[in-house]
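Structural overview
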Amino acid sequence: MNAVLELDAAAPTSLSTLASWVEEVAALTCPDAIRWCDGSQREYDALLAGMEADGTLIALNPDTHPGCWLHRSDPEDVARVEHLTFVCTRDAEAAGPNNQWMAPDQAHGKMDALFAGCMRGRILYVVPYCMGPIDSPLSRCGVEITDSPYVVANMRLMTRMGAQALQRIEREGHFVRGLHSLGELDPDRRFIMHFPEELSIQSYGSGYGGNALLGKKCHALRIASWQAREEGWLAEHMLIVGIENPQGDTHYIAAAFPSACGKTNLAMLVPPPAYREAGWKVWTVGDDICWMRPGPDGQLWAINPEAGYFGVAPGTSAKSNPNALAMIQRDTIYTNVALTDDCQPWWEGLDDRAPAFDWQGRPYDPANGPAAHPNARFTVAARQCPSWSPRAEDPQGVPISAIVFGGRRATTMPLVFEARDWRHGVFVGATMASETTAAATGQVGLVRRDPMAMKPFCGYHFGDYFAHWLSFDEPGARLPKIFHVNWFRKDADGNFLWPGFGENLRVLEWIIARVEGRVGAEDGLPGFMPLEHHFAEGLGVDPDRVALALQVDQGEWAIEQRAQDQFWAESRDRSARFDASAPSSEGEEATEL
Ligand code: O2Y
Ligand code: MN
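This section reports on the structure supplied with the text. Everything numeric in this text was worked out from a predicted model, so none of it was measured.

1. Here's the deal with the sheet that holds strand β20 (residues 332-335)
The sheet built from five strands is open, its strands ordered β3-β4-β20-β23-β19 with mixed pairing. Each of the sheet's edge strands pairs with one partner strand only, and the pair in question is β3 (58-59) and β19 (308-312). Across four bridges, β20 lies against strand β23 (residues 377-381) in antiparallel orientation. Each residue of the ladder has a partner; that of Thr332, found in β23, is Val380.

Written out as structure tokens, the structure reads:
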């Protein structure tokens, strides 16, 4: 492999459905050449060299950042585009009010017209990839066809891409089909279409992140959530983190937060000094996506389908995420960051050096806005993370002890509470909300309901999705406890009440103590609230402020409940089994141990 093939050359695959699909796409898009990607280092190096030569990538300072590159995207192509993202099911209802819908015939017509001849003068890359460890029964494969070498390079970092994936695809005989073209990068000729019934994705007109790296949001969430419902598992927008206590026992926690709530930071948390000295360790399994399925033992077993991180650069620092900072010193592709005068990557919140060039390559001038784009990213192989879990490659996955939902809320939501039972936990996840940030285009700072952080990513009707979650509560199930956290509560002056970052381990410690049945809780307005905890011990924060972060105000809670009910009314009909806002009679009572 790794050769540029003439259009009529035999495809290097024994799978005729794959070979004929590539032929069909080539006939439509008219590339100059077809390249089947094998995922080798040689291929990666050649791609990078080609992109350096044509200006797609800029080599960063080799002394401080060996193997690192900067890509500047089109200034109008800097984030996911929810308003141009569609789920195309035969029945409009199946997509639900949470998705934009288009009839499959109409969508295919539109996309065929856009793709026609779009790869003239370009190379068509065939990118076989596996989401999840290559030998895991939980993994799923896809093939992305793209005319963007930047996408190929990112897919190599983000997925198990190349020859081994192709072998698995040939063995299994099926795969998710993703077709991507940069097109003209014209926002008026840009669509991200999902065809869950066909297990296919078509993306045109964007070269950026979630719009173009089709293994990530398009496959691993929108298409996979559909497959997961059909096959009895869950595809979730969750990090997976292992917390090892001083006795050497590790609990794995899956946590869902809307975009830009510090998921990557939590996944790579560094314990505060006293915890580290006592022997606590944190292991990163994944920072964004979690696929979980009940095992024979009734527990949920989870894998991270990704092999890399596409993390937000601004705000990443030695304080917020030292592990991330360490892992992106080498072999990293940066997108839309600023540069120092000696060609090092820079972004707001990194340190107090002054940038020389902004993300568009202009000499830095604060009058032009931030130096790095607020959605600037790094792409890096997951194994470069100092806290990378050895269990991340385990084909069986890891057993999940707790599920945590959270959002960015200045008021109302306490630091932590526990759902009363699975049904209540599903309600807590279904009604969670967060203040918007820059990760998706749109207005910043609005409270947006974002069920399970899946609002932009669930590939089908939310009512059906909640019913699917509820269906896991069956005899023999040993389901994880469900919690809700809010690291972002503020006081009346707008100052954060909780220090966050590594100190969040204190809250995870309480969660684990609840999972192990070691501490009591009291039944409060939102759910079970902490009684005994170590939140303020040695924290260096006034315990009254911690108490405020834990408090629930009756008036605020009443407003929240009305908002939750109003939001919930949309999906109620589709998930008739769902009435979990009240404590269930068979649920666990609050305990005082
Ligand atoms: O704007 C994009 O394309 C990236 S969005 C993203 C990237 C990595 C992880 N999560 C997200 C997200 O929006 O949830
Ligand atoms: Mn995400």
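2. A closer look at the coordination of the manganese ion (ligand 2)
Looking at the manganese ion (ligand 2), the protein donor atoms are Lys217 (NZ), His237 (NE2) and Asp288 (OD), and they sit 2.1 to 2.2 Å from it. Along the chain, the residues donating to the manganese ion (ligand 2) fall in the pattern K-x19-H-x50-D. Within this pair, whereas Lys217 is found in helix α8 (residues 215-231), its partner Asp288 is found in the loop between β16 (281-286) and β17 (290-294), the two being separated by 71 residues in sequence. We note that Lys217, like Asp288, is buried.

3. Observations regarding the nonpolar core
One finds Met292, Ile400, Ile403 and Trp469 to be the most contacted residues of the largest nonpolar core, which totals 110 residues. When residues no more than four places from it in sequence are discounted, the contact partners of Ile400 are Ile240, Tyr252, Ala254, Met292, Leu300, Ala302 and Pro480. Among the nonpolar cores identified, the runner-up in size contains 38 residues, and Leu415, Val485, Ile511 and Phe535 belong to it.

4. Examining unusual backbone geometry
Backbone geometry at Leu199 places phi at a positive 50°, although glycine is not the residue there. With respect to the secondary-structure elements, Leu199 resides in the loop between β11 (191-195) and β12 (200-204). Taking relative accessible area as the criterion, Leu199 reaches 27% and is therefore assigned partly exposed. In this structure, Met452 takes a positive phi of about 50° despite not being glycine. Within the secondary structure layout, Met452 lies in the loop between β27 (447-449) and α13 (462-470). Overall, Met452 belongs to the buried group, its relative accessible area being 0%.

5. Description of the site of ligand 1
The environment of ligand 1 is made up of 15 residues, and the closest members are Arg80, Gly210, Ser259, Asn375 and Arg377. Contact between ligand 1 and His237: an oxygen atom at 3.1 Å from a side-chain N or O atom of the residue. A distance of 2.9 Å is found between an oxygen atom of ligand 1 and a side-chain nitrogen or oxygen belonging to Asn375. Surface burial for ligand 1 is 95%, taken as the share of its 360 Å² of free accessible area covered by protein chains. The cavity where ligand 1 resides is the largest pocket. Looking at the shell around ligand 1, its residues break down into five nonpolar, five polar and five charged.

What counts, and at which threshold
Every chain's residues receive numbers from 1 upward, in the order its sequence appears when written. Chain letters and ligand numbers both follow the written order, the letters beginning at A and the numbers at 1. In view of the model being predicted, local features appear only for residues whose pLDDT reaches at least 70, and side-chain atom pairs are presented and counted only at 80 or more, with totals across whole chains, interfaces and linings using the full set of residues. Side-chain calculation: all heavy atoms of the structure are included, whereas hydrogens and water are not. Two strands form a pair only when DSSP identifies at least two bridges running between them. Each helix corresponds to a stretch of at least 4 residues labelled H or I by DSSP, and each strand to a stretch of at least 2 residues labelled E; elements are numbered beginning at the N terminus. As a rule, N, O and S atoms within 2.8 Å of a metal are its donors, except that Na, K and Ca use 3.2 Å; water is not among the atoms, so sites may look incomplete. We call a residue buried when its accessible area falls under 20% of the maximum for its residue type, exposed when it is over 50%, and partly exposed in between, using a 1.4 Å probe and counting protein chains only. Among buried residues, those of type Ala, Val, Leu, Ile, Met, Phe, Trp, Tyr and Cys that are joined through side-chain atoms within 4.5 Å constitute a nonpolar core. Only heavy atoms enter the contact rule, under which two residues are in contact if any of them lie within 4.5 Å. In this text, near means that some heavy atom of the residue lies within 4 Å of the molecule or strand in question. Any pair of nitrogen or oxygen atoms within 3.5 Å is treated as a polar contact; in protein, a donor-acceptor pairing is required on top of that, and neighbouring residues in sequence qualify only through side-chain atoms on both sides. For every accessible area listed, the method is Shrake-Rupley and the probe measures 1.4 Å; residues are considered covered only by the protein chains on display. Two kinds of site are reported from a 1 Å grid over the protein atoms alone, namely cavities, where a 1.4 Å probe fits but cannot get out, and pockets, open sets with protein on both sides within 12 Å along at least five of seven lines, and residues are called lining when an atom falls within 4 Å of a point. Put plainly, a molecule is in a cavity or pocket when over half of its atoms are within 2 Å of the grid points there. In this classification, the charged set is Asp, Glu, Lys and Arg, the nonpolar set is Ala, Val, Leu, Ile, Met, Phe, Trp, Tyr, Cys and Pro, and all remaining amino acids, among them Gly, are polar.

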